[in-house]
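# A closer look at the structure
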Amino acid sequence: MTASNTALDVEKGDLLAELATLRGQLLNTVRGLTDAQLGERPTKSELCLGGIVKHVASTEESWLRFITDGSSAMSFALPDGVTWGDIEAGTAREYPQWMTDRINEFQMLPGDSLEGIVRRYEEVAARTEEIVTALPDLLITHPVPDAPWNEPGTELSARRVLLHVISETAQHTGHADIIRETIDGQTAT
C-alpha cells in the first residue's frame, strides 16, 4: 500500500467513523420508545422521531447514490406544465412523486415500526460503508441536479457529499434529542 492510499484509507475511515458515531447517537434517541411515541409531535414543528430517522436514512441513501451515479440519481423533475412557482404558491395541479415521498419520510405511516425503521437505517449504513470503502478517490465529482436550492454549475466531490451527510445527520440528531426530551424527559446525546 502506498502512502497516498494509506492517507486515503485513513480519511475514509475517519469520515465513516464520525458518521457511525452520529448514527449511533440518533438511534440512541429512539431506543426504548413505542411505535406510537415515534410518531408523536410534541413541539410546534411537524417533526417526529420516527420521521427523523426515516429522513436521515433516505437522505444518506440518496447522497450515496449521487456519489456512485451522479446527478441522475437525484431527479427533481416536475410534472408537465407545473412550475416551481406553482409549487411554492401551493397552486400546482399535480405534485411530483419525489415530493410526496419526501413528505412521507418525515412521518410515521401505517406499518412503520421502530424495528423496521432501524433495520432500514442499518441497511443504508452498511451500503454507505461498502460504497465509501470501495471509492478509489474522494475527489470523484458530479454536478448537482437542477433544483432551485442548488446553485447552477455546482459540482460536489465524494468528500463534500460525505461531509454534508455527516452535517445533516448531526443536525437531525440534535432535533431528535430535543423531541425525545419533550416526550419523556430522556436525552440521548
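The model shown is predicted, which means the values in this text are computed figures rather than measured ones.

### Here's the deal with the nonpolar core
The biggest cluster of nonpolar side chains holds 28 residues, and the ones touching the most others in it are Trp-63, Leu-64, Phe-66, Ile-67, Leu-138, Val-161 and Leu-162. Breaking this core down by element, the ones donating at least two residues are helix H1 (3-30), helix H3 (49-69), helix H5 (97-105), helix H6 (114-134) and helix H7 (158-184). Sequence-distant contacts of Leu-138, defined by excluding residues within four places in its chain, comprise Leu-8, Glu-11, Lys-12, Leu-15, Ser-157, Ala-158, Arg-159 and Leu-162.

### Examining the environment of Gln-107
Considering the arrangement of structural elements, one finds Gln-107 in the loop between H5 and H6. Gln-107 sits 12 residues away from Arg-119 along the chain, and the two C-alpha atoms are 17 Å apart. Not counting chain neighbours up to four residues away, the residues in contact with Gln-107 comprise Arg-41, Cys-48, Gly-51, Lys-54 and Asp-112. Of the polar contacts made by the side chain of Gln-107, one reaches the backbone oxygen of Ile-103; its length is 3.3 Å.

### Notes on the packing of H3 against H5
Two elements in contact, H3 and H5, have axes whose closest approach is 8 Å; the angle formed by their N-to-C orientations is 135°. Of the possible angle classes, the one that applies to H3 and H5 is oblique. Contacts between H3 and H5 involve Gly-51, Lys-54, His-55 and Ser-58 from the former and Arg-102, Asn-104 and Glu-105 from the latter. Taken together, the residues of the contact of H3 with H5 break down into no nonpolar, 4 polar and 3 charged.

### Describing the pattern of salt bridges
Scanning all chains against the criterion turns up 11 salt bridges. As a salt-bridge pair, Asp-112 and Lys-54 come within 2.6 Å of each other at their nearest N and O atoms. Note that Asp-112 is positioned in the loop between H5 and H6 and Lys-54 in helix H3, a separation of 58 residues in sequence. Taking relative accessible area as the criterion, Lys-54 reaches 14% and is therefore assigned buried. Where Glu-94 meets Arg-93, a salt bridge forms, and the shortest distance between an N and an O atom there is 3.2 Å. In this structure, a network of salt bridges that share partners links the residues Arg-23, Glu-60 and Glu-129.

### What about the environment of Val-118?
One can find Val-118 in helix H6. Non-local contacts of Val-118, meaning those with residues more than four positions away in its chain, are made with Leu-27 and Val-30.

### Points about the side chain of Thr-128
Relative to the assigned elements, Thr-128 resides in helix H6. When near neighbours in sequence (up to four residues on either side) are disregarded, Thr-128 contacts Leu-16, Leu-19, Arg-23, Glu-60 and Leu-64.

### A short note on the packing of H3 against H6
Across the interface, H3 lies against H6 with an axial gap of 10 Å and an inter-helix angle of 25°. Comparing their axes, H6 and H3 come out roughly parallel. Here the hand of the crossing between H3 and H6 comes out left-handed. Taking contact as the criterion, the partners of Gly-50, Val-53, Lys-54, Val-56, Ala-57, Ser-58, Glu-60, Glu-61, Leu-64, Ile-67 and Thr-68 in H3 are, on H6, Ile-117, Arg-120, Tyr-121, Val-124, Ala-125, Thr-128, Ile-131 and Val-132.

### Comments concerning the packing of aromatic side chains
Taken as a whole, this structure holds 6 aromatic pairs when the rule is applied. Relative to Trp-98, the ring of Phe-76 has its centre 5.1 Å away and its plane inclined at 80°; by these criteria the two rings are edge-to-face. You can see Phe-76 sitting in the loop between H3 and helix H4 (84-89) and its partner Trp-98 sitting in helix H5, a full 22 residues away along the chain. Taking 6.0 Å as the distance between ring centres and 45° as the angle between the ring planes, the aromatic pair formed by Trp-84 and Trp-98 counts as tilted.

What counts and what doesn't
- Residues numbered from 1 in each chain as written.
- Predicted model: local features only at pLDDT ≥ 70, side-chain atom pairs only at ≥ 80, totals over all residues.
- Heavy atoms only, no water.
- Core = buried A, V, L, I, M, F, W, Y, C linked by side-chain atoms within 4.5 Å.
- Buried < 20%, exposed > 50% of the residue type's maximum accessible area, 1.4 Å probe, protein only.
- Helix = DSSP H or I, 4+ residues; strand = E, 2+ residues; numbered from the N terminus.
- Contact = heavy atoms within 4.5 Å.
- Polar contact = N/O pair within 3.5 Å; in protein donor to acceptor, adjacent residues only side chain to side chain.
- Axes fitted to C-alpha atoms, helices over the stretch in contact; angles between N-to-C directions.
- Parallel < 35°, antiparallel > 145°, perpendicular 65-115°, else oblique.
- Nonpolar A, V, L, I, M, F, W, Y, C, P; charged D, E, K, R; others polar.
- Salt bridge = Lys/Arg side-chain N within 4 Å of Asp/Glu carboxyl O.
- Left-handed = near helix turned anticlockwise from the far one by under 90°.
- Phe/Tyr/Trp six-rings, centres within 6.5 Å; stacked < 30°, edge-to-face > 60°.

The values reported here are purely geometric and, on their own, carry no functional implication.
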